[in-house]
Amino acid sequence: MAAGAPKDVVAAGSDVENLEAFRERQRVAVADALIELVCTSGFAAVNVSDLVRVAGMSRKTFYKYFPSIEAALVHTQKMILAGVRTEPALRHESGLSRFLGQLRGIADLALDHPERMIFLGFFDFAVKGNIQAADREAYEAFTVHLAEESVSAFTQGQQDGSIDPGLPALETTLASTNAVFGLAQRCLNSLVTRDDVALTARLIAAELDAWEAVLTAR
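Quick one: what's the story with the pattern of salt bridges, residue by residue and with numbers?
Going through the model one piece at a time under the given rule, you end up with three salt bridges. For Arg27, the salt bridge goes to Glu24, with nearest N and O atoms at 3.1 Å. Here Glu24 and Arg27 lie together in helix H1 (residues 19-41), a separation of three residues that amounts to about one turn. A relative accessible area of 33% means that Glu24 is categorised as partly exposed. The residue Asp50 makes a salt bridge to Arg53 at a minimum N-O spacing of 3.5 Å. Of this pair, Asp50 and Arg53 both sit in helix H2 (residues 48-55), three residues apart, roughly one helical turn. On the basis of relative accessible area, Arg53 is assigned to the exposed category, the value being 55%. When salt bridges that share partners are traced, they join Glu20, Glu24 and Arg27 into one network.

Here it is, written out as structure tokens:
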């Protein structure tokens, strides 16, 4: 290979390496590069040329995994949201505890991985409305699946008495999730709070406490 030529970010390794694990590492490398570009350079830097430079791979390798930059953006958003998880539900855990745990997962993402939260804000603003038809069906099915997980916890809480049964499940789930996401994104974009982790944590904790009060009011 000529000096300075691009190369794959992950070498294939031995013949016994699990191929799918290798492919997943390549996809993660693309996602990490996209997140870095969005956080450091904004929308203008999101193009294949800069992406492969940051990821350390060739254009040919990129197109082995993604048909377009839009498909890579959708994959990155799905990867981040799929990682917003709490610990597995404990035996006999209430629906309220499960539901609040999912909201805290959003808070943990903002505090532990602010660059990923910034990417989600960019995706909502600049990408979501322009998803191509080929990717839209899979994207919408994924987002419905995430909502169903939260609604399931909410409904369990109404059944076990830990959440007010008079609240509309879907509407309250969406309102609380959007509120926590929105506050976290505003904190990360604000000149006052983006570098003050302690203040951001207090504001998000107050938001979670407010929603717990709403969910348990009778």
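Now that the structure is up, let's keep going.
Describe the packing of aromatic side chains, naming the residues involved and giving the relevant values.
One pass over the full model with this rule turns up five aromatic pairs. Considering the side-chain rings of Phe62 and Phe66, the 5.8 Å spacing of their centres and the 35 degrees angle between planes classify their relative orientation as tilted. Phe66 shares its class with Phe62; the two are buried. Between Phe99 and Phe154, the ring centres sit 5.4 Å apart and the planes meet at 75 degrees, which makes this aromatic pair edge-to-face. Of this pair, Phe99 sits in helix H5 (residues 95-112) while Phe154 sits in helix H7 (residues 133-160), and the two are 55 residues apart along the sequence. The pair Phe99 / Phe154 is uniform in exposure class, with both members buried. By way of ring pairs, the aromatic residues Phe62, Tyr63 and Phe66 are connected into one cluster.

So what about the nonpolar core? Which residues, and what values?
Leu34, Phe62, Met117 and Phe119 are the most contacted members of the largest nonpolar core, which totals 62 residues. By residue number, the principal contributor to this core is H1, which donates nine residues. For Phe119, the residues in contact, after removing those within four places along its chain, are Leu34, Ile35, Val38, Leu73, Thr76, Gln77 and Ile80.

Cut-offs and rules
- Residues numbered from 1 in each chain as written.
- Predicted model: local features only at pLDDT ≥ 70, side-chain atom pairs only at ≥ 80, totals over all residues.
- Heavy atoms only, no water.
- Salt bridge = Lys/Arg side-chain N within 4 Å of Asp/Glu carboxyl O.
- Helix = DSSP H or I, 4+ residues; strand = E, 2+ residues; numbered from the N terminus.
- Buried < 20%, exposed > 50% of the residue type's maximum accessible area, 1.4 Å probe, protein only.
- Phe/Tyr/Trp six-rings, centres within 6.5 Å; stacked < 30°, edge-to-face > 60°.
- Core = buried A, V, L, I, M, F, W, Y, C linked by side-chain atoms within 4.5 Å.
- Contact = heavy atoms within 4.5 Å.

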